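Reading the structure
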Number of protein chains: 2
Amino acid sequence: MKQKGQSVAQSLQQNWINKLTDQGFRITKPLEIVSGILASSEKILNPTEVYQRARQFYPKIGLVTVYRTLEKLEQVGLIGRVHMPDGCQSFFQAQCGHQHLIICVKCSKAEYFEGDNLNVFFHSIGTQFGYQVQDHWLQLFGLCKQCQAMTLNPAKE
Amino acid sequence: MKQKGQSVAQSLQQNWINKLTDQGFRITKPLEIVSGILASSEKILNPTEVYQRARQFYPKIGLVTVYRTLEKLEQVGLIGRVHMPDGCQSFFQAQCGHQHLIICVKCSKAEYFEGDNLNVFFHSIGTQFGYQVQDHWLQLFGLCKQCQAMTLNPAKE
DNA sequence: TTGATTGCAAATATTTTGCAGGCAT
DNA sequence: ATGCCTGCAAAATATTTGCAATCAA
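A few points on the structure. (Residues numbered from 1 in each chain as written. Chains lettered and ligands numbered in written order. Predicted model: local features only at pLDDT ≥ 70, side-chain atom pairs only at ≥ 80, totals over all residues. Heavy atoms only, no water.)

Looking at the protein's contact with DNA strand C
Applied cut-off: In these notes, residues near a molecule or strand are those with any non-hydrogen atom within 4 Å of it. Two N or O atoms count as a polar contact when they lie within 3.5 Å, although within protein this holds only if one can serve as hydrogen donor and the other as acceptor, and sequence-adjacent residues are included solely when both atoms are side-chain atoms. For the purposes of this entry, the term helix denotes a DSSP run of H or I that reaches at least four residues, the term strand denotes a run of E that reaches at least two, and both are numbered from the N terminus.
Near DNA strand C, the surroundings consist of 18 residues, among which Arg26, Thr28, Thr65 and Arg68 of chain A together with Tyr67 of chain B are the closest. Each atom of DNA strand C within 4 Å of the protein was classed as base or backbone; sugar and phosphate made up 64%. Between DNA strand C and the protein, one listed contact pairs a phosphate oxygen with a side-chain N or O atom of Thr28 of chain A at 3.1 Å. The separation between a phosphate oxygen of DNA strand C and a polar main-chain atom of Lys60 of chain A is 3.2 Å. When residues of the surface near DNA strand C are assigned to their parent elements, the largest contribution, 4 residues, is made by helix 4 (residues 63-75) of chain A.

Structure (structure tokens):
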């Protein structure tokens, strides 16, 4: 699956850069950094977390730029906003099609899962209550494998 | 279903007042007003909306008190926090058991629906991804009957 | 070159905290 | 009478906007 000499995350980031270029955005250092972070993160991140990570690569980046860059990436559909128990300004790589997230409550690691067969059910609920269903949010919260292990053996943390 | 001489909403509010008294809270005017609003609202409301409604009944109420009262009602489990597309600080009457919401995107009218059979599915997704599922959020968004009618015939709005 | 993008500072918006006085119990 | 609760003012957060300087194209 991997392309020669680059990781999945790297090729994903390259793909993002291409899309951003196509959309007419200029590829600046902050855009590259923030894209790289989101494209390679398996965790859902809020603006501050993105900012903190970004500064490690590019100390002079400003929080404002992070906000603006996230907005762009969302606009282009590369990342999506995710509501978390502690706020609704977190982001994660987007995935096309209607998929759903399973999220670790401890480390925010997240993965998409399929639930197409649910649409029929959702639609029938809508009919039952007289709603024209347009969209739905489905998120599962739990402990990921790694955080389960840490909970059993905190010394490893 | 209704009790003699009082509406369902009124009896629900009385029930809330009883619970709050049991918990040792003092029944003040602001608490009564805010409880009444939430107990009788079929819409999900954010703090500002609650504040605006509350002022109609008790103009000298402060926004801070609304925040603090919502916190209390949430603590006692009478209302629950609901994440909406435009924010995550909205509230709605709580309902016990694991139920899910169907919400109108236009007017925020909401109703709970059952989906117990989903738990098996959610659990199996967890197993599949190595997560110990603890909780889930399921919300459907659409147009309620009334807002559908308004959309077709805006004159009536 | 040129104008989109950045980073700073300041403005907004939202929510929380401190405190003196009021009121439910 | 007691001390929980309120409302005001102010603080703390979080997010957005204005603008001159920078830099990708």
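Notes on the protein's contact with DNA strand D
Quick note on the threshold: Each residue is assigned to one of three groups, with Ala, Val, Leu, Ile, Met, Phe, Trp, Tyr, Cys and Pro labelled nonpolar, Asp, Glu, Lys and Arg labelled charged, and all others, Gly among them, labelled polar.
What surrounds DNA strand D is a group of 18 residues, the closest being Tyr67 of chain A together with Arg26, Thr28, Thr65 and Arg68 of chain B. Take the atoms of DNA strand D that sit within 4 Å of the protein: sugar and phosphate atoms are 67% of them. In this structure, Thr65 of chain B approaches DNA strand D through a side-chain N or O atom, which is 2.4 Å from a phosphate oxygen. When contributions to the surface near DNA strand D are tallied by element, the ones reaching two or more residues are helix 4 of chain A together with helix 4 (63-76) of chain B. The greatest single-element share of the surface near DNA strand D, amounting to 4 residues, is contributed by helix 4 of chain B. Looking at the surface near DNA strand D residue by residue, the classes come out as 8 nonpolar, 4 polar and 6 charged.

Points about the environment of Lys19 of chain B
Residues and elements named next belong to chain B. What counts, and what does not: Categorising residues by exposure relies on relative accessible area from a 1.4 Å probe, with only protein chains included: less than 20% of the type maximum marks a residue as buried, more than 50% marks it as exposed, and the intermediate range marks it as partly exposed.
Relative to the assigned elements, Lys19 resides in helix 1 (residues 8-22). A residue is classified by how much of its surface remains accessible, and Lys19, at 40% relative accessible area, is partly exposed. Separated by 57 residues in sequence, Lys19 and Val76 place their C-alpha atoms 8.0 Å apart.

Remarks on the side chain of Gln93 of chain A
So the rule is basically this: For this analysis, residues touch if any pair of their heavy atoms sits within 4.5 Å.
Position of Gln93 of chain A among the secondary structure elements: in strand 2 (residues 87-93). Residues in contact with Gln93 of chain A, not counting those within four places in the same chain, are Leu12, Trp16, Leu38, Ala39, Ser41, Leu78, Ile79 and Tyr112 of chain A.

A look at the interface of chain A and chain B
The condition is simple: Throughout, buried area stands for the accessible area (probe radius 1.4 Å) lost by two parts on being put together, summed over both. Throughout this description, the term salt bridge denotes a Lys or Arg side-chain nitrogen within 4 Å of a carboxyl oxygen of Asp or Glu.
The interface is formed by 39 residues belonging to chain A together with 39 residues belonging to chain B. Here chain A meets chain B over a buried area of about 3300 Å², counting both sides, of which 67% is carbon and sulfur. It is Tyr131, Trp137 and Phe141 of chain A that lose the most area in chain A upon contact with chain B, and together they represent 23% of the buried surface on that side. The interface formed by chain A and chain B includes 0 salt bridges. Here chain A is connected to chain B by 17 residue pairs in polar contact (both at pLDDT 80 or more). Of all the elements, strand 5 (residues 132-143) of chain A adds the most residues to the side of chain A that touches chain B, at 12 residues. Across the side of chain A that touches chain B, the residue classes tally to 23 nonpolar, 11 polar and 5 charged.

So, the packing of helix 2 (residues 29-40) of chain B against helix 4 of chain B
Residue and element names in this part refer to chain B. What counts here: Orientation is described by axes fitted as lines to C-alpha atoms, over the contacting stretch for helices, and by angles from 0 to 180 degrees between their N-to-C directions. Helix crossings get a hand from a simple test, with the near helix turned counterclockwise from the far one by less than a right angle marking a left-handed crossing and a clockwise turn marking a right-handed one.
The interhelical angle for the contact between helix 2 and helix 4, taken along N-to-C directions, is 65 degrees, at an axis separation of 10 Å. Judged by the sense of rotation from one axis to the other, the crossing of helix 2 with helix 4 is right-handed. Contact residues: helix 2 offers Pro30, Leu31, Val34, Ser35 and Leu38, while helix 4 offers Thr65, Thr69, Leu70 and Leu73. Tallied by class, the residues present in the contact of helix 2 with helix 4 amount to 6 nonpolar, 3 polar and no charged.

Some remarks on the pairing of strand 5 (residues 132-143) of chain B
What counts is decided by this rule: Think of it this way: DSSP has to see at least two bridges between two strands before they count as a pair.
As paired elements, strand 5 of chain A and strand 5 of chain B share 11 bridges and run antiparallel to each other. Bridging from a neighbouring strand, Asp135 of chain A pairs with Phe141 of chain B of strand 5 of chain B. With 4 bridges joining them, strand 3 (residues 99-104) of chain B and strand 5 of chain B adopt parallel strand pairing. From the neighbouring strand, Leu101 of chain B faces strand 5 of chain B, where its bridge partner is Gln139 of chain B.

Structural notes on the pattern of salt bridges
Oppositely charged side chains can pair when the atoms bearing their charge come close. Enumeration according to the criterion identifies 2 salt bridges over all chains in this entry. Residue Arg81 of chain A is joined to Glu74 of chain A by a salt bridge in which the shortest nitrogen-to-oxygen separation is 2.9 Å.

A closer look at the relation of the copies chain A and chain B
We count it as follows: Our superposition of the copies is a least-squares fit, built on the C-alpha atoms of residues whose pLDDT is at least 70 in both.
Between chain A and chain B, the superposition needs a rotation of 180 degrees and an axial shift of 0.0 Å, giving an RMSD of 0.0 Å. As the rotation angle and translation indicate, the two copies are arranged about a two-fold axis. By C-alpha distance to the rotation axis, the residue of chain A lying nearest is Leu138 of chain A, at 2.3 Å. A share of 100% of the interface residues of chain A reappears at the interface of chain B, consistent with the copies meeting face to face through the same patch.

Structural notes on the environment of Glu114 of chain A
Within the fold, Glu114 of chain A resides in the loop between strand 4 (110-113) and helix 5 (118-129). Along the chain, Glu114 of chain A and Gln89 of chain A lie 25 residues apart, while their C-alpha atoms are 24 Å from each other. Those residues in contact with Glu114 of chain A, other than ones at most four positions away along the chain, are Gln99 and His100 of chain A together with Phe121 and Ile125 of chain B.

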